[in-house]
Amino acid sequence: MMASSYNAKEEDGHHPGSSNHGGTGPSSSKKPDNTAFKQQRLPAWQPILTAGTVLPAFFIIGLIFIPIGIGLYVTSNNIKEFEIDYTGVEPDSPCYICAQNFSWNSTTPCICTVNFTLQQPFENNVYMYYGLSNFYQNHRRYVKSRDDKQLNGDLNNLEDPSSDCEPYRKIGGKAVAPCGAIANSLFNDTLDLSYVESNGTLNSIDLQRKGIAWWTDKHVKFKNPAGSNLSVAFQNTVMPVNWRNPVYNLDPSDPDNNGFINEDFIVWMRTAALPTFRKLYRIIPKKSGAASTLPSGSYRLKIAYNYPVLSFDGRKRMILSTISWMGGKNPFLGIAYITVGSICFFLGIVLLIINHKYGNRSSSADIPN
Amino acid sequence: MLRRSLNRLLGGDERRVDNRTIYIGHQSFPVNEAFIPPKFCDNRIVSSKYTVWNFLPKNLFEQFRRIANFYFLIIFLVQVIVDTPTSPVTSGLPLFFVITVTAIKQGYEDWLRHKADREVNKSTVKVLENGEETSKESEKIKVGDIVEVTENDTFPCDLILLQSSRDDGTCFVTTASLDGESNHKTHYTVPDIERDLQSLSATIECEQPQPDLYKFNGRMHIYKNDQEPTVRSLGPENLLLKGATLKNTQKICGVAVYTGMETKMALNYQGKSQKRSVVEKSINAFLLVYLCILVSKALVCTTLKYVWQNKPGQDEPWYNEKTQKEKDTNLYLKMFTDFLSFMVLFNFIIPVSMYVTVEMQKFLGSFFITWDKDFFDPEIQEGALVNTSDLNEELGQVEYIFTDKTGTLTQNNMEFIECCIDGFQYKHRGACSELDGFCVTDGPVNKLQQKAGREREELFLRALCLCHTVQVKESTEQARSQGEDCIDQVDGLPVEDEALQPPQEERGFIASSPDEIALVKGAMRYGFTFLGLESKTMKILNRNKDVEMYELLHVLNFDPVRRRMSVIVRSRSGDTLLFCKGADSSIFPRVRQEEVERIRMHVERNATDGYRTLCVAYKHLSEEEYAQADEGLREARLALQDREEKLMAVYNQVETGMNLLGATAVEDRLQEEAAETMEALQGAGMKVWVLTGDKMETAKSTCYACGLFQKRTELLELTVRTLEDGGRKREDRLHELLSEYHKKAVQDAPPVKAGGSRGRFFGKQDYGFIIDGPSLSIVLSSSSESNSNLYKNLFLQICQNCTAVLCCRMAPLQKAQIVKMVKNCKGSPITLSIGDGANDVSMILEAHVGIGIKGKEGRQAVRNSDYAIPKLKHLKKLLLAHGHLYYVRIAHLVQYFFYKNLCFILPQFLYQFFCGYSQQPLYDAAYLTMYNICFTSMPILAYSLFEQHICIEFLLKNANLYSEVAKNAMLRWELFLYWTLLGVFHGLVFFFGVRFLFGNPALQDNGQVFGNWSYGTIVFTVLVFTVTLKLALDTRHWTWINHFVIWGSLAFYVFFSFFWGGIIWPFQKHQRLYFVFANMLSSVSAWLVIILLILLSLLPEILLVVLRKPRGPYARKKKMVQSSEGGLQSPRSPVRPLLMRTFSDESSTVI
């Protein structure tokens, strides 16, 4: 890519490392050692960037980036994504009542249903996300408010959580498990998806709760406290204030998905980078035999509306998306690659013109030094 | 020296009234009614700074006095006290590291000093106490103790010599460890001292300790059984300095006068004042800018935070409640702590590591100067010496060079060329040998009468043999006998070739000035050999092989003001003669005028030929005259105060009415490659000023020989001669001349310049300016203040438009004045002084960079210099190659450091807009800490040590490349702005690139999402790679070290990230980065975005490099290489002889 001249000067046989102070030994002459290192004559590669050498690089970059960009863009476009806001801000939205009448104390969850239609069938695995807006999971006070030791199953920290968890550390002298603001604000809406057949019958879709958290998180970073029975292990603790179920009973359907290793919980504990974010909620696995995982048609989303966001002007969304090798739908990468590739290509052309106009002399870049 | 002369100038406080009185052997006297034992300090030398107990507090205090360290300490304390986003470790660890390393280094140095002190203090010395010899530890010596020192021992304290084992009451010492002069110096016992020191009762009255090594005034009162005490004067010749070594003398006894920290050596021990380089000033300025950026960032964030929090629901949503403590805190206090927190969060923008790296670069970089074998001089078996590494880069910024002439431009290797006796020229030629060794070559005018009278001739040669302070070298008795053998041998040989004979060479002469040796050797060639000085008797071997004896009565020492020296001797026949030699200007007014004219012609011709001329005169002293002179001299020498002035008066009085005998011409050869060096330096855009004490003609011819003045150079002369030309008042004439020259050199010059650059080669007239000492002092200290300023300005402006300036007849202090004047003039140019002698010390200390030449005039210049080189020719490589490279290296280092920390911190700043201004750090603490210490520090250090953007040979060949970095070119504000904008651009690219990617955080192919730490890690990865690759792009010289360090630190970053994220660290509260890095790498999108952003960031840089190329140095480099391949290199003989003989006629001065 770069024109270069390998400039090996004489007496480069010396190994610089061995040529330290007073290598000459008994001859106490102060004559400096004649080593390549000390004489600043180490053999050196002296690349010289010139229009001629950079030119091909620009073209090559352009030629590589533009196809990649197009590939990315196409891939991203092929990803099907459906997004629906169910916050219930407008009076006519189905969850308006639930949103308005929210109370922490209500024992029964407010249920609302949202109907929507998928225009296109979703193939392969479909991933169901919930999205929150204007929710500062990356606020410093919030990010800090956890106790990784406790979450790792440390018994000491289970009953005496780190002070970072304040003010969600102890309630009435009993340790909160899991402690901290992040755990306390665990997203606890329940989303159920059913396919509305043309005859009106609801066909409940199987939502898989596993595989949504990082493998290392689930198996190494998060551990339940030792003990055969989770409820016993957590007996000296209380659940966070805003929770409805204790930590050992987060997933009644699967006993292995309870306690700190509950995947919904783990996903929530990985704090988002930006105030508008999405988190993986469920996976709708591809059905063997069926043409598409979610055929086009109308669907009904049943929401157990437990999570208030209006107080901080937030929004809640449900997102259905397929996934490609590059992750979820993200046109940015494709566009960026195409842009940068085109710029490189364009610059290449400009440089070529310049190079041509001002003669070829600068293209012969190998200059002996 | 300088300080003292300054003091004198300022009418200083020299007249100290307090003397100290010392009782020799601690005896009390009946004469003095009360014996009060005076309090003097003991003889303990303490050069160490710390003790075990005070090391920690004192060292810490010293270190935190540095503004940068203090800043980091404050940041650290804020982190400890206030609840800040990053743990105190992140800034505490680097600070601790820096402080510890510095403390260890200083501690070690101090330990070495302790060791050296102990060695000195605990060594045993013999002290005579009550007639017995006792051994004492050196530190227990008290003032007044009589100390015995044997041969080759160093003196434990400053002693007054009382007794010597030599018969003539002298002893020889060498002061090599004090001032580097390795010749043997003779010191004398105090006259009239009894042999039995036990019965000696005397007091010494002397001045309080002062650091001048060559000055001592004292008086000894000797009491002899109720007689009136005899008083003897004491001078520096009686004082043996601590640190000097006794030579050639079996033992001596002396009384301690100054001990311990009051010895002259200890008083001279103080370090030099620190010089600061331009780069350092630039760093400080940039630092200020960054500090402002930092503060404004923190202010902006704090303000926005409170604006943002004012919106309902934002400050404390239900999911993120404040702790009780936070709620209770006062709003303003909270604002203040928030501000501090932001400061802490962004403090990495000013990195501790920059100071460490800069220091390391300077320290390690200076080794390349010491290691350079091109600086090695086989003659003295030494290479270059670096006394301070702080100024490496300043070597690349020099605009004015002030050089001494003798010993610097010339070799100070004197050779007797010819003499002129009574107006007849005698020239010695090695080839032709007439009977008596003379070869008379003179014009046809003198053909008939070829020689002066034989009597005059011999008198002249005797004068040469007697009028000097040369010693004959005699290291041991054996050598002396050998020496005698030699003389015997010589007897049988033709005289004129003696000088060339090896045995004769061996019996060398030692003198403080090489001129004297040359003269003595010259006389030897003509048949008069100086045999030596023994107990005040000078022996010379005359042409008839007879030994003549002269009693040396007085030596009227040489001094630069009088510019002459004399001896008074008494011959066997009882005649008292005064021989005097000195500069023509100081001799001519003191001799009979009719003799002058004949000789003046020769002297002037010799001077224009570039020889150093001395005139020799003599005078018969009658008995009365001598008695008067003798008394005057003794009196003056006894004076405790104003001794020098009084001596001077007597000298002037004695040295009058003399008869002029003749003149000598001594050639001082040009240094090797002096002309080439000067040409290169001028080609590099430096202005060379020659400051010399020598006379104008000699100096001018040296300038011609060095190529400083060219044939076509028009000389503007401002000397006593031209000033007195008009016959008017000097000052009026000065004004007139100055304005005339100014018109010529300054006002008329610009149009030519504007006419186009080629005018430089054809049209523009070169000017050379010559000024002498007296004229300069008129310029500098004119009668009225306004005039003085006007003259100074005119003078400076003229000088700035001249290619070379010659200042002759300068006193050392005037040299410093000139340097200071130029240093402080508009634009404050960087000055460099180079010299070899003690008279150059003042200007070496004054200039930005002081360079000492390891010459023949002792080591004082070397000791006071910043860099010392063996020869003048080494200056070229030192400046053009080393200086240039160091400057480029450190300038790049500084810019790069600021840049890399700006784009490091900018994303963190931008992230605040997305996290509710909560001071949430974007990067993990480990990354914050390690970024500057490990990930990005080594490549830039390697760069700043090994970079050669243009190879050394090429730099040396093309001096004009030097001017490309002149005036701090690489640290200008435009460039700083460019780097800052680059940093901002990179920061924006990093942050927003990743920000857009995180529009959908589901980046893994299994649908899982990334969180904030992944975000930070991606940004950080892009950052580390971009910043390192940016440096790689700038690197023009890839040695294996650069490869190793650049790729190594990237690999290390990856390795470290895996390692850091691969383990649940038990000591960590948060496992934030657990598997974040590995997960990031498992995402194709992350890879793609990293590659894209790195490329996008570097794209403009590559483009700029390419576009800049045609105008950059490389294009020219190529052209020049091509042209030089064509063999256009001017064929210059490596050794240029003195050329000015051809120039001397053409060098027409203006007047």
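The structure presented is a predicted model; accordingly, all values stated were derived computationally and were not measured. (Residues numbered from 1 in each chain as written. Chains lettered and ligands numbered in written order. Predicted model: local features only at pLDDT ≥ 70, side-chain atom pairs only at ≥ 80, totals over all residues. Heavy atoms only, no water.)

For the rest of this paragraph, the subject is the overall build of chain A. Along chain A, the regular secondary structure elements total 10 helices and 13 strands. The contacts in chain A between residues at least 6 apart in sequence include a share of 79% that link residues at least 24 apart. For chain A, the accessible area works out to roughly 16300 Å², and carbon and sulfur atoms hold 55% of it. (Helix = DSSP H or I, 4+ residues; strand = E, 2+ residues; numbered from the N terminus. Contact = heavy atoms within 4.5 Å. Areas by Shrake-Rupley, 256 points an atom, 1.4 Å probe, with all protein chains shown as cover.)

Time to look at the overall build of chain B. Looking only at helices and strands, one finds 41 helices and 33 strands in chain B. Taken across its 1151 residues, chain B has 58% of its residues classed as buried. Contacts in chain B between residues at least 24 apart in sequence constitute 74% of all its contacts with a sequence separation of at least 6. (Buried < 20%, exposed > 50% of the residue type's maximum accessible area, 1.4 Å probe, protein only.)

Bringing the domain arrangement of chain B into the picture now. All names here are of chain B. Partitioning chain B into domains gives domain 1 (141–269), domain 2 (272–309 + 329–346), domain 3 (378–410 + 671–745 + 766–879), domain 4 (413–429 + 456–473 + 507–667) and domain 5 (881–1108). For domain 3 and domain 4, the distance between their C-alpha centres works out to 31 Å. Contact residues are listed per partner, giving 10 residues for domain 3 and 12 residues for domain 4. Together domain 3 and domain 4 conceal approximately 910 Å² of surface at their shared face, both sides included; 48% is due to carbon and sulfur atoms. Counting the contacts that link domain 3 with domain 4 gives 0 residue pairs in polar contact (both at pLDDT 80 or more). (Domains from an automatic or database assignment. Buried area = accessible area lost by both parts, 1.4 Å probe. Polar contact = N/O pair within 3.5 Å; in protein donor to acceptor, adjacent residues only side chain to side chain.)

As a further point, take the state of the cysteines. All names here are of chain A. Under the defined criterion, the tally for this structure stands at 3 disulfides over all chains. Paired through a disulfide, Cys95 and Cys112 show a sulfur-sulfur distance of 2.0 Å. On the sign convention where negative means left-handed, the S-S torsion of about 80° between Cys95 and Cys112 marks this disulfide as right-handed. Of this pair, Cys95 sits in the loop between strand S3 (81–85) and helix H2 (96–100) while Cys112 sits in strand S4 (residues 110–118); the two residues are 17 residues apart in sequence, bridging distant segments of the chain. Among the cysteines of chain A that take part in disulfides, numbered as they appear in the sequence, the pairing is 1-4, 2-3, 5-6. (Disulfide = S-S within 2.5 Å.)

Moving on to the UniProt feature "binding site: Mg(2+)" (unreviewed entry) in chain B. All names here are of chain B. In the numbering adopted here, UniProt assigns the feature "binding site: Mg(2+)" (unreviewed entry) to Asp404, Thr406, Asp836 and Asp840. What stands out for the annotated residues spanning 437 residues is how close their C-alpha atoms remain, the widest pair being 10.4 Å apart. Structurally, Asp836 is set in the loop between strand S31 (831–835) and helix H29 (841–846). Of the residues examined, Asp836 reaches a relative accessible area of 0% and is grouped as buried. Secondary-structure assignment places Asp840 in the loop between S31 and H29. (UniProt positions renumbered as here; feature names shortened; annotations may be inferred.)

Let us now look at the packing of helix H13 (residues 454–466) of chain B against helix H16 (residues 514–525) of chain B. Residue and element names in this part refer to chain B. Two elements in contact, H13 and H16, have axes separated by 8 Å at closest approach and are oriented at 140°. It follows from the interaxial angle that H13 and H16 lie oblique. Considering the relative orientation of H13 and H16, their crossing is left-handed. Packed against H13, whose contacting residues are Leu461, Leu464 and Cys465, the element H16 presents Leu519, Val520 and Ala523 at the interface. Taken together, the residues that form the contact of H13 with H16 break down as 6 nonpolar, no polar and no charged. (Axes fitted to C-alpha atoms, helices over the stretch in contact; angles between N-to-C directions. Parallel < 35°, antiparallel > 145°, perpendicular 65-115°, else oblique. Left-handed = near helix turned anticlockwise from the far one by under 90°. Nonpolar A, V, L, I, M, F, W, Y, C, P; charged D, E, K, R; others polar.)

Residue and element names in this part refer to chain B. Evaluation of the coordinates by the stated rule reveals 52 salt bridges over all chains. The closest approach of N and O atoms between Glu655 and Arg564, which form a salt bridge, is 2.5 Å. Of the two residues, Glu655 sits in the loop between helix H20 (643–654) and strand S26 (659–670) while Arg564 sits in strand S23 (residues 564–571), which places them 91 residues apart along the sequence. As far as the burial class goes, Glu655 and Arg564 line up, both buried. Through salt bridges with shared partners, a single ionic network connects Asp42, Arg44, Lys122, Glu137, Glu139 and Lys140. (Salt bridge = Lys/Arg side-chain N within 4 Å of Asp/Glu carboxyl O.)

This part is about the confidence of the model for chain B. All names here are of chain B. Residues at a pLDDT of 70 or more form 83% of chain B, whose mean pLDDT is 78. Counting contacts from residues 1–17, a segment whose pLDDT is below 50, to residues more than four positions away or on other chains yields 23 contacts. With pLDDT under 50 throughout, residues 751–763 is counted as low confidence; its partners more than four residues away or in other chains account for 5 contacts. Across the interfaces of the predicted complex, the ipTM metric reaches 0.91, alongside a pTM of 0.78. (pLDDT = per-residue confidence, 0-100.)

A word on the domain arrangement of chain A. Structurally, chain A comprises domain 1 (51–79 + 331–358) and domain 2 (85–323). Placing a centre on the C-alpha atoms of domain 1 of chain A and another on those of domain 2 of chain A gives a separation of 43 Å.

Let's shift gears to the UniProt feature "transmembrane region" (unreviewed entry) in chain B. Residues and elements named next belong to chain B. When the UniProt feature table is mapped to this numbering, "transmembrane region" (unreviewed entry) covers residues 64–82, 285–308, 339–358, 926–946, 976–998, 1013–1032, 1044–1065 and 1085–1107. Annotation note: span residues 1044–1065, helix share 86%, strand share 0%, distance between end C-alpha atoms 30 Å. For residues 1085–1107, the helix share is 100%, the strand share is 0%, and the end-to-end C-alpha distance is 33 Å.

All names here are of chain A. Glu166 connects to Pro167 through a cis peptide bond whose omega is 0°. Mapped onto the fold, Pro167 is located in the loop between helix H5 (155–159) and strand S6 (170–171). Here the bond from Ala177 into Pro178 is cis, since omega is -10°, no more than 30 degrees from zero. Tracing the backbone through its elements, the reader meets Pro178 in the loop between strand S7 (174–176) and helix H6 (181–184).

Right, let's talk about helix H3 (residues 67–81) of chain B for a bit. Residue and element names in this part refer to chain B. Over its 15 residues, H3 extends 21 Å from the first C-alpha to the last, a length consistent with the 21 Å expected when each residue adds 1.5 Å. Of the positions making up H3, those classed as buried are Ala68, Asn69, Tyr71, Phe72, Ile75, Val78 and Gln79. Considering only its buried residues, H3 is in contact with helix H2 (55–64), helix H4 (88–122), helix H7 (278–310), helix H9 (331–346) and helix H10 (352–365). (Expected span 1.5 Å × (residues − 1).)

Further remarks concern the packing of aromatic side chains. Scanning the model with the defined rule gives 99 aromatic pairs over all chains in all. Taken together, a centroid distance of 5.5 Å and an interplanar angle of 35° make the contact between A:Phe332 and B:Phe996 tilted. Of this pair, A:Phe332 sits in helix H10 (residues 331–357) while B:Phe996 sits in helix H35 (residues 973–997), on two different chains. Aromatic side chains B:Phe1059 and B:Trp1065 sit 5.3 Å apart centroid to centroid with 75° between the ring planes, which places their arrangement in the edge-to-face category. Residue B:Phe1059 is classed as partly exposed on the basis of its relative accessible area, which comes to 41%. Assessed through its relative accessible area of 14%, B:Trp1065 is described here as buried. Above the ring of A:Tyr129, the side-chain terminus of A:Arg278 is found at 5.5 Å from the ring centroid. Between the NZ or CZ atom of A:Arg282 and the centre of the ring of A:Tyr281, over which it lies, the distance is 3.9 Å. (Phe/Tyr/Trp six-rings, centres within 6.5 Å; stacked < 30°, edge-to-face > 60°. Lys NZ or Arg CZ within 6 Å of the ring centre and 35° of its normal.)

On to the interface of chain A and chain B. Residue-level contacts link 99 residues of chain A with 101 residues of chain B. In total, chain A and chain B occlude about 8800 Å² of area from one another, counting both sides; carbon and sulfur atoms represent 61% of this. Our count for the chain A to chain B interface comes out at 3 salt bridges. B:Glu953 is paired through a salt bridge with A:Arg41; the nearest N and O atoms lie 3.3 Å apart. Connecting chain A to chain B are 36 residue pairs in polar contact (both at pLDDT 80 or more). Of all the secondary-structure elements, those providing two or more residues to the side of chain A that touches chain B are strand S2 (44–48), helix H1 (51–78), strand S5 (126–133), helix H3 (140–144), helix H4 (148–151), helix H7 (215–221), strand S11 (277–284) and H10 of chain A.

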